[in-house]
Every structure is written in structure tokens, then in C-alpha cells.
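As a plain string of letters, each chain reads:
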Amino acid sequence: CWPFNGSYNQALFCVFDGHGAKGERASEFCMTTIPELLEAESQQLKADPPAALSKAVIQCDQMLLSAPELGRLAMTCGTASTVMYFHGSDCFTACSGDSRAVKGIRRSGMILAEDLSMDHKPDLPEERARIVANGGTVSDGAAGRPARVWAHGRIGLAMSRSLGDGECKHVGVIPDPEVRKTTITPADKSGGDGDLFIIVASDGVWEFIPSDE
């Protein structure tokens, strides 16, 4: 979305990666709803981006699960959510799930990667602890298979945070995004050091290609 929030100096870049039967319905709902929620809180978004981003993502999850028909479907499907808000040179990344944002930087002639978000995998210590405390089970990843959260022994979710996935919300899966801030510093001359680009992509990329590559 650009221009965004009534300004050419603001922009929103998002990836919503649906999963489960009808997961594309969940991702499409979030794709249209989250920008609307953020623009409805225009002043808060500019004054306190982390709070506004967290509020919008959590509210979207509640709206998704309470929608008449879609709410029933969203009990067993959902979407990862990565929302990037740019205001001038400030960039805020709000991640729930495993769609990753990566910044490409040129430093001393080399192109380096800086992760702007963390993949919320169930076997991360802090994520596992929350899930286990809520009665969920986490299976470790092995042989190319990801770690999963198991709800009622039958729903295996390969992330510990998401929107939708109502059944898994009972066992510690949460929509709350982790918000990180970075400052964009473009190179001041052709071939000089500085930030070059940002990639926001789903785990369909990052399961096979490391950030540096």
C-alpha cells in the first residue's frame, strides 16, 4: 500500500501466507482488513507504531475468528502475518509466524543480510514453554520436517504464532506480533555502503534459501 495513511512518506508491505483448508480465505481477509484497521488509527500509527501494529494484528485475528462463516473455517486454518510499516526512514516489522523480512546491506563491497523478523517456530525455547504451559504438545523437526504444535493430537501447526487457527489458540498459539524497528540508510552513491533492498517472503522461500543467500 503506497501512498499509505494519507502520505507519500508512508508505506505498508505485507505478506500473509495461508495454511490449512481454505487458508487462502484467511490470508485474503487479513490482506484487506489490517491496512484498514491501521488507517483507522492514523494518529496512533504515527505516534506509536509498535502499539498500533500489535493492536491491529490482534484485532484482525479476533475479527477473523468471529466472522459468521469464515470464523468457523478459521478454527482449522489460518495465516502467517508479516506487516512492514515505513514512515520516512523508520521501518517497523510486525511478525506473527514464519514469513520473514530480510534487509540487504552493502558493506565494504559485500552484500550482507540482516533479518528484520524472527521465525516463530514451535521448538524455540520461549515459544515451546508457552505452548506446553497451555497444554499443547510440540514435536521436534527432523529430516526436513518442521517442528509442529499439536492441538488435540490431530492439528499439527508448523508455527507458534498465527492469525486464525482457532483450535490451536487453546494450546498457546497466539496472534501477538513481535515488532522490531530498523532505520533505512540508503547508499549515498552508486556502489557505496548502505541499505539496498528488503525482501519479505513466506517460508516457501526461507525453508530452502538462507537469508545470506
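Check the entry above for the structure.
A quick note: this is a predicted structure, and the numbers were derived from the prediction, not measured.

(A) Structural context of the sheet that holds strand E6 (residues 137-139). In spatial order, the strands read E6-E7-E8; together these 3 strands make up an open sheet with antiparallel pairing. The sheet is open, and its two borders are formed by E6 and strand E8 (155-157), each paired with just one other strand. Taken pair by pair, the neighbouring strands of this sheet meet at an average axis angle of 30 degrees, ignoring direction. Two elements, E6 and strand E7 (residues 148-151), share 3 bridges in a ladder whose sense is antiparallel. Counterpart to Thr-137 in the pairing with E7 is Trp-150.

(B) The arrangement of the sheet that holds strand E4 (residues 100-107) in detail. Reading across from one edge, E5-E4-E11 is the order of the 3 strands in this open sheet, with antiparallel pairing throughout. A strand with exactly one partner marks an edge of an open sheet, and here the two such strands are strand E5 (110-115) and strand E11 (194-201). The sheet shows a mean angle of 25 degrees between the axes of neighbouring strands, taken without regard to direction. Of the strand pairs in this sheet, E4 and E11 are connected by 7 bridges, and their pairing is antiparallel. Across the sheet, residue Gly-104 finds its bridge partner in E11, namely Phe-197.

(C) Region of interest: the side chain of Ser-96. For Ser-96, the position within the fold is in strand E3 (residues 90-96). Within the local environment of Ser-96, its side chain forms a polar contact with the backbone oxygen of Pro-175, the two atoms lying 2.6 Å apart. In contact with Ser-96, not counting residues within four places along its chain, are Val-57, Ala-80, Ser-81, His-120, Arg-161, Ser-162, Leu-163, Pro-175, Asp-176 and Pro-177.

(D) Unusual backbone geometry, seen in detail. For the peptide bond that leads from Trp-2 to Pro-3, omega is 0 degrees, which places it in the cis range. Among the secondary structure elements, Pro-3 is positioned in the segment before strand E1 (10-19). Backbone geometry places Asn-5, a non-glycine residue, at a positive phi of 55 degrees. Among the secondary structure elements, Asn-5 is positioned in the segment before E1. Judged by relative accessible area, which is 10%, Asn-5 ranks as buried. Positive phi, normally seen in glycine, also occurs at Asp-165, with a value near 50 degrees. Note on placement: Asp-165 falls in the loop between strand E9 (163-164) and helix H6 (166-169). Given the relative accessible area of 4%, Asp-165 is considered buried.

Basis of the calculations
- Residues numbered from 1 in each chain as written.
- Predicted model: local features only at pLDDT ≥ 70, side-chain atom pairs only at ≥ 80, totals over all residues.
- Heavy atoms only, no water.
- Pairing = 2+ DSSP bridges.
- Helix = DSSP H or I, 4+ residues; strand = E, 2+ residues; numbered from the N terminus.
- Axes fitted to C-alpha atoms, helices over the stretch in contact; angles between N-to-C directions.
- Polar contact = N/O pair within 3.5 Å; in protein donor to acceptor, adjacent residues only side chain to side chain.
- Contact = heavy atoms within 4.5 Å.
- Buried < 20%, exposed > 50% of the residue type's maximum accessible area, 1.4 Å probe, protein only.

Shape descriptors only; they carry no functional weight alone.
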